[in-house]
Amino acid sequence: MPAADWILTNATLVTMDDDGRIIEAGAVAVQGSNLAAVGPAAEVLAAYTSENLHDCRGRVLIPGIVNAHTHAPMTLLRGLADDLRLDVWLLGYMWPVEREFVSADFCRLGALLACAEMLRSGITCFADMYYHEEVIAKATAEAGLRALCAQTVLKFPSPDAASYEDSLAAARDFISRWKGHPLIVPSVAPHAPYTCTAEILQDCAKLAVEFDVPLHTHLSETLQEVEQWRETYDMPVIPWVKKQGLFDAKVLAAHCVHIDDGEIHSLEHAGAGVAHNPSSNLKLASGFAPVVAMLEAGLNVGIGTDGPASNNDLDMFEEMRLASFIAKAVTGDPTALPARQAFAMATRLGARALHMHDLIGSLEVGKRADLAVVDLDDLHSRPHFNHSPEALYSRLVYTAKSHDVTDVMVDGRWLMRDRRLLTIDVEPLLEAAGEYARRIDVFLIEREGSVLNKLIAIGGAEQEESYEVQVKLRLEDPAPAMARLRGPEFEILRQAHYHEYDTYFLFDDPAQGRLRYREDEFVDESGAVTNVRYRLTLTGPAREREYEHSVLLSRSRFLAPATHSLRFYREYFSPQGELQVNKDRMRWQIRFRDQEFFVNLDTILEPAFQRPYLEVKSRTWSRSDAEVKAGLIVDMLRLLGLDQAEAVADEYPDLALGRAPNATSQR
Ligand SMILES: [Zn+2]
């Protein structure tokens, strides 16, 4: 009689094989990495002997659970910033912190903690996407779990690469050395269409095809993404990535929240797998993925936790339950996505989504011995009904908790027995995680205290500091001064006409300065808008130097193009007050005694009609230049006949004080 390395007996087997067999009083025999026998205990014990018998004590033996999408090392960022919109969360918090802290050490530590947490909830395989993916692969293999490890590629510098070419080269190197590893399937992850270019998607697809490995990505996660694609490319995301050849590769696409029937069929036709992420989509209010339609179309839809910073845990029992409940609520149909189907998504369909179904996803002879024992006898799972097999799936999906998992085996090796982790010593890891949290806290406390640092953190102020010298005059009739501007002392270099829509963000602490979001509409002679530009300016408090009338001042400025929406900046900077100023501006760029200046004639349209302002200003890069120019401005005013005009500090009195006017002070 052949010998098995292990025989697990006295269990109810939920095989998730093609026939969906449930075997009461069952047993499995494990030889090496594989399942050698799966069947009634009497048959298995008659066919195999083993010195190692594991008594499952009547519990339920299931295929190891597949977490179809995560970013494992983000266990270290769990709870760092929550209750934010995806862009503010990602661009304002996750990416700046990742740029500062993510290293090989960070990834190893975070991945090991994730492995420990996943093992406890019966997860034996996960699809990962992060930086330093080889380090994650190594940590995962050491801990003994199976994973699809995908090296992230982005169009901008990332924590482990200065350019996309670098990360692509790293992915190639990683894949070529790890392909064929018994536990790790190496892979490449172009992060998402909106963080990649067409060229990156094409190159990643080619790489995945060349090595015949899966490609892991995020597709159609938010409505905003899809709308942007429709606007820019006149098509939604799925056909666009198809055009880039993405589906030449074996794709695992996370989210797919906003896709239509045509796109579902494209995905199905391409043999792509989908990772549905119920908690993450709920928490980030991304919307409801059409999971029922996807499953009906025959798509392989697995379930993923997504990263522990957007979930915030790695509990697949919770995800299975949510997947089923959300589908019912969204379709208005309580028969939608029954427990059996939800459990399939977490096992056999998940394995298919990862393109790993030859190895895992069910308890079948020849597949890897990846399995978990679940105790369904605790208080919350009782009593048991046995008149229908559905009752067992219902217990697994609707009542079981992750801590009901007692034992986990991967690749024929025990990783957890009696709820004790055998390959990971959690305590020192948690201590190190606490140390990262302390350092990140210090970083964030310092950053949150400074508007400038927050601006720098989102890449909004790469330009160096400059100084502005300016004077503002309130005029009854600007015509005489404008006529003198055409005199021989002044050379007019350029003239333009704008509508400017300014939103000032005001902060209680005047030392923070004020942040202005400006929408500049350039207007041609016929009054038509020909160009729009968005700019962000952080102006320091006006304390550099005060000249005559106390209003000719210079102050520091940081200028940057505004690449995000006003809503994004409002949520990210959370100012204490806001003020809108809309004005019509005639602008002359002039040369006076070899120095350039701007002369602006402003008519304020909002908040209230006032007399026009004339503004003379110049920007410099040193304080000494600012002083020279300040002297020239005084001379200019004399030549323009404006030396007696009423000078004011700002176009709106409260702005000069750096505070919001009462009427609009609170949002
Ligand atoms: Zn994700």
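Refer to the structure printed above.
No experiment lies behind these values; they were computed from the predicted model shown.

### Some details on the overall build of the protein chain
And then number 1: Across its full length, the protein chain carries 21 helices and 27 strands.
And then number 2: Taking the principal axes of the C-alpha coordinates as reference, the protein chain spans close to 110 × 50 × 50 Å.
And then number 3: Within the protein chain, counting contacts between residues at least 6 apart in sequence, those at least 24 apart form 71% of the total.
And then number 4: Roughly 27,100 Å² of accessible area belongs to the protein chain as shown, and the carbon and sulfur atoms make up 49% of that amount.
And then number 5: If the 67 positive side-chain charges of the protein chain are averaged to one point and the 98 negative ones to another, these points end up 2 Å apart.

### Concerning the packing of aromatic side chains
And then number 1: Inspection of the entire model under this criterion finds 21 aromatic pairs.
And then number 2: Ring centres of Phe-568 and Tyr-572 lie 5.9 Å apart, and the angle between their planes is 20 degrees; on these two criteria the pair is classed as stacked. On the criterion of helical spacing, the pair formed by Phe-568 and Tyr-572 is a turn pair, its members being four residues apart in helix H19 (residues 566–573). For the pair formed by Phe-568 and Tyr-572, the shared burial category is buried.
And then number 3: A ring pair is formed by Tyr-569 and Phe-573, whose centres lie 6.4 Å apart and whose planes are at 25 degrees; its orientation type is stacked. With a gap of four residues between them, Tyr-569 and Phe-573 both fall in helix H19, about one helical turn apart. A single burial state applies to Tyr-569 and to Phe-573, both of which are buried.
And then number 4: Ring-pair connections join several aromatic residues into one group, and the members of that group are Tyr-93, Tyr-517, Tyr-534, Phe-568, Tyr-569, Tyr-572 and Phe-573.
And then number 5: One Lys or Arg, Arg-587, reaches over the ring of Phe-598 and ends 4.1 Å from the middle of that ring.
And then number 6: Over the aromatic face of Phe-597 sits the side chain of Lys-629, whose NZ or CZ is 5.8 Å from the ring centroid.

### Focus on the coordination of the zinc ion
And then number 1: Looking at the zinc ion, one finds its protein donor set to be His-69 (NE2), His-71 (NE2), His-218 (NE2) and Asp-306 (OD), positioned 2.1 to 2.4 Å from the metal centre.
And then number 2: Taken together, the four donor atoms coordinating the zinc ion span angles of 86 to 172 degrees at the metal, a pattern that classifies the geometry as irregular.
And then number 3: Along the chain, the residues that donate to the zinc ion are spaced as H-x1-H-x146-H-x87-D. On the criterion of sequence distance, the pair formed by His-69 in strand E6 (residues 65–70) and Asp-306 in the loop between strand E13 (300–303) and helix H12 (316–331) is long-range, its members being 237 residues apart. In this structure, His-69 and Asp-306 share a single accessibility class: buried.

### A word on helix H9 (residues 261–269)
And then number 1: All of the buried residues along H9 are Glu-263, Ile-264 and Leu-267. Looking straight down H9, one finds its buried side chains confined to an arc of 105 degrees; they lie on one side. Opposite its buried face, H9 presents the exposed residues Asp-261 and His-269, each directed more than 90 degrees away.
And then number 2: Tucked into the core, H9 has its buried residues touching helix H8 (237–243), strand E12 (273–276) and helix H11 (291–296).

### Some points on the environment of Cys-125
And then number 1: With respect to the helices and strands, the residue Cys-125 is situated in strand E7 (residues 123–130).
And then number 2: In this structure the C-alpha to C-alpha distance between Cys-125 and Tyr-467, which are 342 residues apart in sequence, comes to 56 Å.
And then number 3: Every residue in contact with Cys-125, bar those within four places of it in the chain, is listed here: Ile-65, Val-66, Asn-67, Arg-146, Ala-147, Leu-354, Met-356 and Ile-360.

### Here we look at the pairing of strand E11 (residues 250–255)
And then number 1: When you tally the buried positions in E11, you get five out of six residues, the bulk of the element.
And then number 2: Here strand E10 (residues 214–219) runs beside E11; their pairing, made up of six bridges, is parallel. Looking at the pairing, Leu-215 lines up with Val-251 of E11.
And then number 3: Note that E11 and E12 share three bridges and pair parallel. Opposite Ala-254, over in E12, you have Ala-275 as the bridge partner.
And then number 4: For the crossover that starts at E11, traverses H9 and ends in the parallel E12, the hand is right-handed.

### Points about the packing of helix H2 (residues 86–101) against helix H16 (residues 426–448)
And then number 1: Two numbers describe how H2 lies on H16: the axes approach to 11 Å, and their chain directions differ by 120 degrees. Considering their axes alone, H2 and H16 lie oblique with respect to each other. Crossing geometry of H2 relative to H16 is assigned as right-handed. The residues of H16 that touch H2, namely those facing Gly-92, Tyr-93, Pro-96, Val-97, Glu-100 and Phe-101, are Tyr-436, Arg-439, Ile-440, Phe-443, Leu-444, Arg-447 and Glu-448.
And then number 2: Here the residues of the contact of H2 with H16 are counted per class, giving eight nonpolar, one polar and four charged.

### Notes on the packing of helix H13 (residues 339–346) against helix H15 (residues 390–399)
In helix packing, the relevant descriptors are the interaxial angle and the interaxial distance, both defined with respect to the helix axes.
And then number 1: Relative to each other, H13 and H15 sit at 60 degrees, their axes nearing to 8 Å. Judged by the inter-axis angle, H13 sits oblique to H15. Crossing hand, H13 versus H15: left-handed. When H13 is examined against H15, the residues Ala-339, Arg-340, Ala-342 and Phe-343 are found in contact with a partner set consisting of Glu-390, Tyr-393, Ser-394, Leu-396, Val-397 and Tyr-398.
And then number 2: The class makeup of the residues in the contact of H13 with H15 is seven nonpolar, one polar and two charged.

### Some details on helix H4 (residues 133–143)
And then number 1: Taken as a whole, H4 has its buried residues at Glu-133, Ile-136, Ala-137, Ala-139, Thr-140, Ala-141 and Ala-143.
And then number 2: Contacts from the buried residues of H4 go to helix H3 (104–120), E7, strand E8 (146–153), helix H5 (164–178), strand E9 (184–190) and strand E16 (413–417).
And then number 3: One or two residues past the end of H4 sits Gly-144, with phi positive at roughly 95 degrees.

### Some points on unusual backbone geometry
And then number 1: Put simply, Asn-311 and Asn-312 share a cis peptide bond, and its omega is 10 degrees.
And then number 2: With respect to the element layout, Asn-312 can be found in the loop between E13 and H12.
And then number 3: A cis geometry characterises the amide bond from Arg-382 onward to Pro-383, with omega recorded as -5 degrees.
And then number 4: The residue Pro-383 is located in the loop between strand E14 (371–374) and H15 in this model.
And then number 5: With a phi close to 55 degrees, Met-16 is a non-glycine residue in the positive phi region.
And then number 6: Its location among the elements puts Met-16 in the loop between strand E1 (6–14) and strand E2 (22–31).

### Regarding the pairing of E2
And then number 1: The pairing of E1 with E2 spans six bridges and is antiparallel. Residue pairing in the sheet places Ile-7 in a bridge with Ala-29 of E2.
And then number 2: Taken together, the six bridges between E2 and strand E3 (residues 34–40) define a ladder with antiparallel strand orientation. Within E3, the position partnered with Ala-27 by the bridge is Gly-39.
And then number 3: Between E2 and E3, which pair antiparallel in sequence order, lie two residues; one of them, Gly-32, sits at a positive phi of approximately 60 degrees.

### Digging into the side chain of Arg-447
And then number 1: Here Arg-447 shows up in helix H16.
And then number 2: The buried category is assigned to Arg-447, whose relative accessible area is 4%.
And then number 3: Here Tyr-572 takes part through its side chain, which lies 3.5 Å from a polar atom of the side chain of Arg-447.
And then number 4: Non-local contacts of Arg-447, meaning those with residues more than four positions away in its chain, are made with Gly-92, Tyr-93, Pro-96, Asn-453, Lys-454, Ala-457 and Tyr-572.

The rules behind each value
- Residues numbered from 1 in each chain as written.
- Predicted model: local features only at pLDDT ≥ 70, side-chain atom pairs only at ≥ 80, totals over all residues.
- Heavy atoms only, no water.
- Helix = DSSP H or I, 4+ residues; strand = E, 2+ residues; numbered from the N terminus.
- Contact = heavy atoms within 4.5 Å.
- Areas by Shrake-Rupley, 256 points an atom, 1.4 Å probe, with all protein chains shown as cover.
- Lys, Arg positive; Asp, Glu negative; His and termini not counted.
- Charge placed at Lys NZ, Arg CZ, Asp CG, Glu CD.
- Phe/Tyr/Trp six-rings, centres within 6.5 Å; stacked < 30°, edge-to-face > 60°.
- Buried < 20%, exposed > 50% of the residue type's maximum accessible area, 1.4 Å probe, protein only.
- Lys NZ or Arg CZ within 6 Å of the ring centre and 35° of its normal.
- Donors = N, O, S within 2.8 Å, 3.2 Å for Na, K, Ca; no water.
- Tetrahedral: all angles 85-135°; square planar, octahedral: opposite > 155°, others 65-115°.
- Arc of directions from axis to C-beta.
- Pairing = 2+ DSSP bridges.
- Right-handed = clockwise from strand over helix to strand, strands pointing away.
- Axes fitted to C-alpha atoms, helices over the stretch in contact; angles between N-to-C directions.
- Parallel < 35°, antiparallel > 145°, perpendicular 65-115°, else oblique.
- Left-handed = near helix turned anticlockwise from the far one by under 90°.
- Nonpolar A, V, L, I, M, F, W, Y, C, P; charged D, E, K, R; others polar.
- Polar contact = N/O pair within 3.5 Å; in protein donor to acceptor, adjacent residues only side chain to side chain.

Everything listed is a geometric property; what it means functionally is a separate question.
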